[in-house]
Amino acid sequence: MQLCPGEKDAKLRGSKVSYTGGFTRPNHFSGFVPQASSNPGQNNTPIFSVDDSKVSVLLSPQNWSHFHHVWLRDHCRCANCFHPVTKQRLVNTFQIPRGIKPIHHHASTEGLEIVWPSPSTERHSSFYPWSWLREHAYDPLPQLEHRATERVLWGSKIARSPPTITYEEVMEKGDAGLYKWLSTIDRFGFCFVSGVTPTTEATERLCERIGFIRETQYGKFWEFTADLAKGDTAYTNMALGAHTDTTYFTDPCGIQIFHLLSHTDGSGGTTLLVDGFYVASLLKELHPEHYDILSRVPTPSHASGEPTARYRPSPPSGYPTLQHDIITGELTQVRWNNDDRSVMSHLNLEVVEKWYDAVRAWHRLLVSPDSEYWAQLVPGTVLSINNHRVLHGRSKFDGKRRVCGAYIGMDEYRSKLAVLREKFDPCLQALGDQAAHGRQNVRNPIL
């Protein structure tokens with residue numbers, strides 16, 4: 001019998017069935033309550049049952065989760081089915097027989113072991129930790145109970161204590177400060193970094209702590225002033241309302257970095273920040289019909305200020321202002337820039353006035369004093385923004401104002417945050433401990 005790495009010492013036992021008071025036996029029950037643990041009266045092993053098509057596990061009180069046999073076999077994480085280094089699937093999904101069923105199963109405090117029939121003479125054993133099954137339960141779908149970093153929605157009162165970290169912390173070895181910075185952005189949608197030398201070189205080094213810089217029509221690492229060197233109103237001294245950048249990209253830029261290098265012979269240019277998730281929550285509560293419109297109706301956008309560029313998203317009809325996880329329904333992105341909006345020629349007759357009513361309500365909440373956080377940037381302090389959540393703008397200014405910065409892709413940011421979270425988050429440190437003792441970490445929740 002072929003056993004998963006790290007599980008070869010597991011002993012298979014018969015499927016002895018036990019019941020506790022008040023427990024209702026499900027149909028086709030063939031699981032068991034294990035022998036008493038080292039703490040008398042404590043039971044650390046979930047009850048489970050097996051029928052012809054699935055395994056059912058009581059992962060929490062009154063909550064049975066169901067896992068189909070074909071799904072379990074397809075998600076075996078042994079070294080023969082899932083490469084321990086590349087973290088890629090090796091099992092041939094298409095050779096798994098329709099109607100596959102376990103020929104043996106055994107539960108322990110760590111998880112569930114299942115023995116599968118195999119075309120070869122050897123049988124195949126798969127091991128599924130209870131924590132992994134709980135993380136990936138799909139029937140029923142779990143409630144959106146927690147995030148690794150809980151979001152904080154904020155309004156104008158964030159000015160009392162805006163999230164800030166020092167440049168020294170972010171750049172220090174060991175990456176603890178980098179994790180603090182990126183997780184703060186994840187929690188609040190923005191974070192200031194203080195103590196940065198007001199040069200393009202120091203700012204670029206800070207950006208590259210996250211990942212490679214995303215190059216756009218504005219360049220890779222950019223520096224701008226009010227000279228219209230690029231065909232965008234950012235290169236003027238005009239006031240800019242709250243907006244997100246690059247709505248005309250199919251994949252808008254993720255993290256945006258701003259550093260005011262200098263502002264001479266003038267004033268103004270105060271930075272505006274608005275938490276799009278906070279405003280969306282207000283809209284949903286006050287005007288659910290408007291929230292629905294902005295979650296369904298796409299908004300086309302364009303960037304055509306450069307003679308060599310004509311950017312539109314794919315598809316050209318664009319994407320809704322409020323975008324959600326298709327499974328959980330969680331709000332994942334705010335995408336709004338009225339200045340870059342294209343012709344709304346795709347609206348149905350009955351939707352036109354509803355859409356304008358919805359964006360009026362959205363705008364009223366965006367410009368409400370309760371929503372707006374105004375901050376005067378100074379040389380030496382970098383502003384980092386989650387462009388999928390926080391809208392930014394500025395007041396009109398005069399004089400010479402030099403700003404540098406860059407875009408980092410959302411995927412690069414999320415990748416770096418995931419790696420650091422596995423390193424520093426106590427909930428995932430057990431996985432890291434396994435890897436440190438020679439076991440490959442194939443139980444990461446994203447895998």
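Above this note sits the structure.
These notes cover the structure that comes with them.

This part takes up the pattern of salt bridges. On inspection of all chains with the given rule, the structure shows 13 salt bridges. With a closest N to O distance of 3.8 Å, lysine 101 and aspartate 52 form a salt bridge. Of this pair, lysine 101 sits in the loop between α1 (69–74) and β4 (104–107) while aspartate 52 sits in the loop between β1 (48–50) and β2 (54–60), and the two are 49 residues apart along the sequence. By relative accessible area, aspartate 52 is classed as exposed at 59%.

This brings us to the packing of helix α6 (residues 276–286) against helix α8 (residues 352–366). At their nearest, the axes of α6 and α8 sit 10 Å apart, and the two run at 130° to each other. Regarding the angle of α6 to α8, the classification is oblique. Between α6 and α8 lies a crossing of right-handed hand. Mapping the contact onto sequence places Gly276, Val279, Ala280, Leu282, Leu283 and Leu286 in α6 and Ala361, Trp362, Leu365 and Leu366 in α8.

Further remarks concern the packing of helix α7 (residues 288–296) against α8. When two helices pack together, their arrangement is given by the angle between the helix axes and the distance between those axes. It is at 9 Å that the axes of α7 and α8 come closest, and there the two elements cross at 105°. As the angle between them shows, α7 and α8 are arranged roughly perpendicular. From α7, His290, Ile293 and Leu294 reach across to α8, where they touch Lys354, Trp355, Asp357, Ala358, Val359, Ala361 and Trp362. Here the contact of α7 with α8 is built from residues that sort into 7 nonpolar, 1 polar and 2 charged.

This model, assessed by the stated rule, comprises 19 aromatic pairs. Seen from their ring centres, tyrosine 128 and tryptophan 132 are 6.3 Å apart, and the 40° between their planes marks the pair as tilted. The exposure classification of tyrosine 128 matches that of tryptophan 132, with both residues buried. Where tyrosine 248 meets phenylalanine 249, the ring centres are 5.0 Å apart and the plane angle is 90°; that geometry is what we call edge-to-face. Exposure class is identical for tyrosine 248 and phenylalanine 249. Each is buried.

A few words now on the sheet that holds strand β5 (residues 111–116). Sheets are built from strands that pair by backbone hydrogen bonding, the pairs being arranged parallel or antiparallel. Ordered by their spatial adjacency, 3 strands build an open sheet running β4-β5-β6, and the pairing between neighbours is antiparallel. Sheet topology places β4 and β6 (124–129) at the edges, where each strand pairs with a single neighbour. Each strand of the sheet is rotated relative to its neighbour by a mean of 15°, with strand direction disregarded. Of the pairings in the sheet, the one linking β4 to β5 comprises 4 bridges and is antiparallel in character. Along β5, the bridge assignment pairs alanine 107 with leucine 112.

The next subject is the environment of threonine 216. As for its placement among the helices and strands, threonine 216 is situated in the loop between α5 (200–208) and β9 (222–224). Accessibility expressed as a relative area gives 11% for threonine 216, which makes it buried. Leaving out residues up to four positions away in the same chain, threonine 216 has contacts with Phe249, Cys253 and Tyr407.

The subject of this paragraph is α5. Here α5 has its buried residues at Thr200, Ala202, Thr203, Leu206 and Cys207. Each buried residue of α5 sits inside an arc of 165° when the element is viewed along its axis, so together they form one side.

Residues Leu141, Ile326 and Ile327 make up a contiguous nonpolar surface patch of roughly 370 Å² in combined accessible area. On the secondary structure map, isoleucine 327 appears in the loop between β15 (322–324) and β16 (331–334).

Taken together, 4 strands build an open sheet; the order of strands is β10-β19-β12-β17 and the sheet is antiparallel. If you trace the sheet from one side to the other, it starts and ends with β10 (240–243) and β17 (373–375), each paired once. Sheet twist, expressed as the average angle between the axes of neighbouring strands with direction ignored, equals 20°. Judged from the 5 bridges that link them, strand β12 (residues 271–275) and strand β19 (residues 390–394) form a sheet pairing that is antiparallel. Among the inter-strand pairings, leucine 272 is bridged to a residue of β19, identified as glycine 393.

With that settled, the discussion passes to the side chain of serine 301. Inspection of the secondary structure assignment puts serine 301 in the loop between β13 (298–299) and β14 (319–320). Of note is the side chain of serine 301, whose polar atom sits 3.3 Å from the side chain of threonine 247. Those residues in contact with serine 301 that lie beyond four places of it in its chain are Thr247, Tyr248, Tyr311, Arg312, Pro313, Asp340, Arg341 and Ser342.

This part takes up the state of the cysteines. In the structure shown here, the tally under the stated rule is 0 disulfides. In this model cysteine 78 remains outside any disulfide bridge; the closest cysteine sulfur is found in cysteine 81, 3.6 Å from its own. Look at cysteine 78 and you get buried, because its relative accessible area is 1%. We note that cysteine 207 lacks a disulfide partner, and the nearest cysteine sulfur, in cysteine 404, lies 7.6 Å from it. According to the relative accessible area criterion, cysteine 207 is buried, its value standing at 0%.

For β19, a buried count of 5 out of 5 residues is recorded, marking the element as mostly surrounded by other parts of the structure. What you see with β19 is no split at all: Val390, His392 and Arg394 on one side and Leu391 and Gly393 on the other are buried throughout. Pairing between β10 and β19: 2 bridges, direction antiparallel. Counterpart to leucine 240 in the pairing with β19 is arginine 394.

Rules behind the numbers
Residues numbered from 1 in each chain as written. Predicted model: local features only at pLDDT ≥ 70, side-chain atom pairs only at ≥ 80, totals over all residues. Heavy atoms only, no water. Salt bridge = Lys/Arg side-chain N within 4 Å of Asp/Glu carboxyl O. Helix = DSSP H or I, 4+ residues; strand = E, 2+ residues; numbered from the N terminus. Buried < 20%, exposed > 50% of the residue type's maximum accessible area, 1.4 Å probe, protein only. Axes fitted to C-alpha atoms, helices over the stretch in contact; angles between N-to-C directions. Parallel < 35°, antiparallel > 145°, perpendicular 65-115°, else oblique. Left-handed = near helix turned anticlockwise from the far one by under 90°. Contact = heavy atoms within 4.5 Å. Nonpolar A, V, L, I, M, F, W, Y, C, P; charged D, E, K, R; others polar. Phe/Tyr/Trp six-rings, centres within 6.5 Å; stacked < 30°, edge-to-face > 60°. Pairing = 2+ DSSP bridges. Arc of directions from axis to C-beta. Patch = residues over 30% accessible without salt bridge, like charges linked within 9 Å, V, L, I, M, F, W, Y side chains within 5 Å. Areas by Shrake-Rupley, 256 points an atom, 1.4 Å probe, with all protein chains shown as cover. Polar contact = N/O pair within 3.5 Å; in protein donor to acceptor, adjacent residues only side chain to side chain. Disulfide = S-S within 2.5 Å.

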